[in-house]
Amino acid sequence: MTKPILFLLDRLQWLFRMAGADYGQLRAIVQVKLTMDNRRSIVSLGRYGRQSAENNSNFTRILGIYTLVGGLISLAMLIRSDSDTMFFPLTLQFSYIMSLCAMTLISDFSSVILDSSDNQIILPRPVSSRTLWLARVVHITSYLFAIALSASVIGVLIIGYRFGALAGLLFLGMSLLSAVLMVFLTNVFYLLLMRFISEDKLREVINYFQIVMAVVFYGGYQLLPRLMDTETMITEALDHEWWHLLVPPMWMAGAVEIVIKPIIDPTHLLFLSLALVMPFAGLWLMNRFLTTGFTQKLGNIDQEARPVLSDQNVQQSRSAGIERLADWATTSPLERAAFAFTWRITGRDRKFKLKTYPQLGFGLAYVVVMSIQGHSLGSSGFFYLFALYFAGIYVMVAQYQLSVSDSYRASWVYGSAPIREPGDVLSGALKALIIKLLMPFYALLAGYILFRYGTDKTPDVILAFFNSLIMLISAALLSKRHMPFSVEQDALKQNNTARGLLVGLVLGIVGTSHYGLTLIPYGVSGAIPVSIVLFWILFRQYRQTNWTQIEMG
């Protein structure tokens, strides 16, 4: 992948020179970044992980999945409509491409654009802010082009076969411009943050924005098609409205429609102009006005800010609150220390929050989306049970991530400390996870279920909560046991499939049993004490974990 990208850059070097960059420096930076990517595991655009012989195929497999999903959407949307009704199907297709690119940017943007690991090498050199920024944009755009191409390749073939090669090529061009537009829309927010947010708050703000936007994109992409009469819009022509000019996927759809129909009128020419001009105008705007001081700001991101007195008071107040909560929730000094340690780390570790919190949001969004559908699983009488247990899977993501840390090498402290019973550390960490994440998550979920289906479902909510605790502790007992934050991410990847199948099996058994209890008078209420006792027994067994059962990273 490196050679084709560099070849293309060499053909466009005049463009980068016009943008004010030193092309020789830009090319060298991009080449090094792409070379390093080839030596590391790639999760979407991420650059984390250990070296592996399979790294070069990881990204290819990801693109294959995107191609499959994009192909299914293309077959469902583009093959059914004639030339007069293609506007809405094309809009859905471009919405998928833009959502995919945006989600990729949101999940990995800070690790690429705000990656400061190379600052010690680049910053002392005479590299301008514009050159550094453009190098990072080229780096991320090269991957987004690959993603956009994989998501649209089946659509290109369908459009080209049905309406001619020119229409297929235009569809491909609009797909690539969609990726450029997403770079602009996402970059402009982050670069504005870099200009107006202090360094010590920047990554924290970005992290929470990533979490919120991940939930918004997922929920919106799932919710909006279900709120519209998709069948009618696919089979009937859609009249153009003024607000269509505010929706970027419709720009691309209108531009392709010019060749498909064919038609040339002021509305479609405006769509074409917006589709062609806005991506490049956005990049020019950022390059001209938003990159001043980028290098200096980037160099200050990882510096520790001096805490002021008010911040110290806030930290002391928070620490006192955590200690009081630990005293209430734990029964031994070691368990108390593990509780407080886990509580603090899960609040500071940005990667933990980025991998965990969106999953909880996805769970809530899925429940809301499914429950409002009139003719699907959401309309069935037992959907609330399905929602309670299915959403519980997302909580297990947090338990899975509890063992992972980029600073896993610091886990030597567990071996050097006088810890006789590691089970106290495991139980303290799990209690912190339950109180900090599981209980607030289920409080929101239960509130929605009771509002939607009535307060008579309260016993079901309570039983599902304790059953979810049982599934959580069962997953911990059946998995390899690691001390908190003691292993690297790649060390746990090999067990994902087996673990997922096991959790799915347990989920099905527990959910089916709960449904059977609803058919028995007072069956649910009578099962609650049994569930509580079973959880207590399993948790006690988990707390009795000894060193022979611990696998260190």
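Fair warning: this is a prediction, and the values are worked out from it, not measured in the lab. (Residues numbered from 1 in each chain as written. Predicted model: local features only at pLDDT ≥ 70, side-chain atom pairs only at ≥ 80, totals over all residues. Heavy atoms only, no water.)

Trainee: Residues and numbers for the pattern of salt bridges, please.
Mentor: What the rule picks out here adds up to 8 salt bridges. In this structure, Lys-261 and Glu-257 form a salt bridge, with 3.5 Å as the shortest nitrogen-oxygen distance. Owing to a relative accessible area of 28%, Lys-261 belongs among the partly exposed residues under this scheme. Across the pair Asp-327 and Arg-336 runs a salt bridge, and its minimum N-O distance is 2.8 Å. (Salt bridge = Lys/Arg side-chain N within 4 Å of Asp/Glu carboxyl O. Buried < 20%, exposed > 50% of the residue type's maximum accessible area, 1.4 Å probe, protein only.)

Trainee: I'd love a proper account of the packing of helix 19 (residues 422-453) against helix 22 (residues 523-543), names of residues and values included.
Mentor: Direction vectors running N to C along helix 19 and helix 22 enclose 135 degrees, while the axes themselves pass 7 Å from each other. As summarised for this structure, helix 19 and helix 22 are arranged oblique, according to the angle between their axes. On helix 22, the residues that touch Gly-423, Asp-424, Leu-426, Ser-427, Leu-430, Lys-431 and Ile-434 of helix 19 are Phe-535, Phe-539, Tyr-542 and Arg-543. For the contact of helix 19 with helix 22, the per-class residue count stands at 6 nonpolar, 2 polar and 3 charged. (Axes fitted to C-alpha atoms, helices over the stretch in contact; angles between N-to-C directions. Helix = DSSP H or I, 4+ residues; strand = E, 2+ residues; numbered from the N terminus. Parallel < 35°, antiparallel > 145°, perpendicular 65-115°, else oblique. Contact = heavy atoms within 4.5 Å. Nonpolar A, V, L, I, M, F, W, Y, C, P; charged D, E, K, R; others polar.)

Trainee: So what about the side chain of Asp-424? Which residues, and what values?
Mentor: Secondary-structure assignment places Asp-424 in helix 19. Judged by relative accessible area, which is 15%, Asp-424 ranks as buried. Beyond its immediate stretch of four places on either side in the chain, Asp-424 contacts Ser-332, Leu-334, Glu-335, Ala-338 and Arg-543.

Trainee: Run through the nonpolar core, naming residues and quoting values.
Mentor: In this structure, Leu-90, Phe-94 and Met-174 are the most contacted members of the largest nonpolar core, which totals 71 residues. The residues contacting Leu-90, other than those within four sequence positions of it, are Leu-78, Ile-159, Phe-171, Ala-253, Val-256 and Ile-260. By size, the runner-up hydrophobic cluster in this structure holds 52 residues, among which are Val-425, Leu-437, Leu-477 and Tyr-542. (Core = buried A, V, L, I, M, F, W, Y, C linked by side-chain atoms within 4.5 Å.)

Trainee: An account of helix 22 is needed here, citing residue identities and associated values.
Mentor: Helix length check: helix 22, at 21 residues, gives a terminal C-alpha distance of 30 Å against a target of 30 Å (1.5 Å per residue), a fit within 8%. Within the span of helix 22, buried status applies to Gly-523, Val-524, Ala-527, Ile-528, Ser-531, Phe-535, Leu-538, Phe-539 and Tyr-542. (Expected span 1.5 Å × (residues − 1).)

Trainee: Tell me about the side chain of Asn-467, and name the residues and values.
Mentor: With respect to the helices and strands, Asn-467 occurs in helix 20 (residues 458-478). On the basis of relative accessibility, which here comes to 11%, the residue Asn-467 falls in the buried class.

Trainee: Give a detailed account of the environment of Thr-267, specifying residues and quantitative values.
Mentor: Counting through the fold element by element, Thr-267 comes out in helix 12 (residues 266-290). On the basis of relative accessibility, which here comes to 33%, the residue Thr-267 falls in the partly exposed class.

Trainee: An account of the environment of Pro-422 is needed here, citing residue identities and associated values.
Mentor: Structurally, Pro-422 can be placed in helix 19. On the basis of relative accessibility, which here comes to 0%, the residue Pro-422 falls in the buried class. For Pro-422, the residues in contact, after removing those within four places along its chain, are Met-483, Thr-545, Asn-546, Trp-547 and Ile-550.

Trainee: Account for the packing of aromatic side chains, with residues named and values stated.
Mentor: The tally for this structure, following the rule as stated, stands at 10 aromatic pairs. Measuring from ring centre to ring centre gives 5.8 Å for Phe-341 and Phe-485, while their planes differ by 80 degrees; the resulting arrangement is edge-to-face. With Phe-341 in helix 15 (residues 333-348) and Phe-485 in the loop between helix 20 and helix 21 (496-518), this residue pair connects regions lying 144 residues apart in the sequence. The buried category is assigned to Phe-485, whose relative accessible area is 7%. Aromatic pair Tyr-442 and Phe-465: ring centres 5.8 Å apart, planes at 75 degrees, arrangement edge-to-face. Of this pair, Tyr-442 sits in helix 19 while Phe-465 sits in helix 20, placing them 23 residues apart in sequence. Looking at Tyr-442, the relative accessible area reads 3%, which means it is buried. By relative accessible area, which is 17% here, Phe-465 ends up buried. Every member of this aromatic cluster is reached through a ring pair, and the members are Phe-441, Tyr-442, Phe-465 and Phe-466. (Phe/Tyr/Trp six-rings, centres within 6.5 Å; stacked < 30°, edge-to-face > 60°.)

Trainee: Could you give me a rundown of the environment of Pro-358, with the residues and numbers involved?
Mentor: Topologically, Pro-358 is positioned in helix 16 (residues 350-371). Of the residues examined, Pro-358 reaches a relative accessible area of 5% and is grouped as buried. Residues Pro-358 and Tyr-208, 150 residues apart in the sequence, show an inter-C-alpha distance of 9.7 Å.

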